[in-house]
Amino acid sequence: MDHILVVDDEPAIVTVVRERLEREGFQVRAVASGEEALAHLDADPADLVVLDVMLPGIDGFEVLRHLRGAGDTVPVILLTARDEDVDKIVGLELGADDYLVKPFNPRELSARIRALLRRQAEVKALEARLASEASGSPDEGRIPGALEESVPIEAEGPVPSKAEGPVPPALRPAQGGALGPQAQVSKTEGPVPSKAEGLVFDHSQRRAWFRGKPLTLRPKEYELLRFLARHPGQVFTREALLSHVWGQESFIDERTVDVHVRRMRAKLGDIDPDVQVILTVWSVGYRLAEDI
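Residues numbered from 1 in each chain as written. Predicted model: local features only at pLDDT ≥ 70, side-chain atom pairs only at ≥ 80, totals over all residues. Heavy atoms only, no water.

(A) Structural detail: unusual backbone geometry. Between K102 and the following residue, P103, the backbone shows a cis peptide bond with an omega angle of -5 degrees. Its place among the elements puts P103 in the loop between β5 (98-101) and α5 (106-134). Not every positive phi belongs to a glycine, and R211 is a case in point at roughly 55 degrees. Mapping R211 onto the fold places it in the loop between β8 (207-210) and β9 (213-215). When its relative accessible area of 37% is taken as the criterion, R211 is described as partly exposed. (Helix = DSSP H or I, 4+ residues; strand = E, 2+ residues; numbered from the N terminus. Buried < 20%, exposed > 50% of the residue type's maximum accessible area, 1.4 Å probe, protein only.)

Okay, structure coming up:
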């Protein structure tokens, strides 16, 4: 039975939501403040949180910021009484998975909860399958059928993440057999910062650092992070990321991107839990934060 935590200080809303969800087979617990919500989640993690933005004391945004900063990926649906884009954008960029504007239909809330839990279950199943396939393999994280980006042996030394552009064109010989101008950049000694400050890549060794500390990334995690770092602030759909990172001919489920982003967020959060590096753009895809 899925455990749903409802965080709202309006008794009437809590009663309606509890009755609806319990009727549909969910186990529901309710608290009326942000402090209670954090204490409850620390002691007894929930499968999903329905979180009101306007709470006494610590508001819903602060609760969400604390959860994501601590690396907690529990699905969160925000409830807001203000139908303003800025509130929705702030909530989603802080890591909310969905939102509803009050007043709302309890049936719609239930449908959204089921959709999020179903997606969460699918992502976990895919993550487990990928981990199983990668276990014991030197190409850990490589997905069957995915296209790997080749690294010519001439491309020695680290490469700036955004300035270089795609590797194959950059290293393609120019007329007369000489390497193109971007190949000259690849000769730079020492790791080179990306355009997203805080991230450094050494493409010749497929290594990355965040805040000066090394990141242990699987091959596709490295490629995905490096691609996003070359375009900080730009939003990419899952389909676009699959095309750029896995290859246009790859027939891979789009949820693969979610799995890799989830892993990267956890690893980045281990180094600096106060910074959201990869942001979710609701109903679109992902972007790399510009101010990291």
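(B) Main features of the pattern of salt bridges. Here the structure, examined in full by the defined rule, presents 18 salt bridges. One salt bridge connects E223 with R226, and the closest N-O pair in it is separated by 3.8 Å. Of the two residues, E223 and R226 both sit in helix α8 (residues 219-229), 3 residues apart, roughly one turn of that helix. One exposure class covers both E223 and R226, and it is buried. Within the structure, one salt-bridge network assembled from shared partners comprises D8, E10, D52 and K102. (Salt bridge = Lys/Arg side-chain N within 4 Å of Asp/Glu carboxyl O.)

(C) Structural context of the pairing of strand β7 (residues 199-202). Here β7 shows two buried faces, one formed by L199 and F201 and the other by V200 and D202. Pairing of β7 with β8, which is carried by 4 bridges, proceeds in the antiparallel orientation. Each residue of the ladder has a partner; that of L199, found in β8, is F210. Hairpin remark: β7 followed by β8, antiparallel, with 4 residues in the connecting loop; positive phi at R206, about 55 degrees. (Pairing = 2+ DSSP bridges.)

Shape descriptors only; they carry no functional weight alone.
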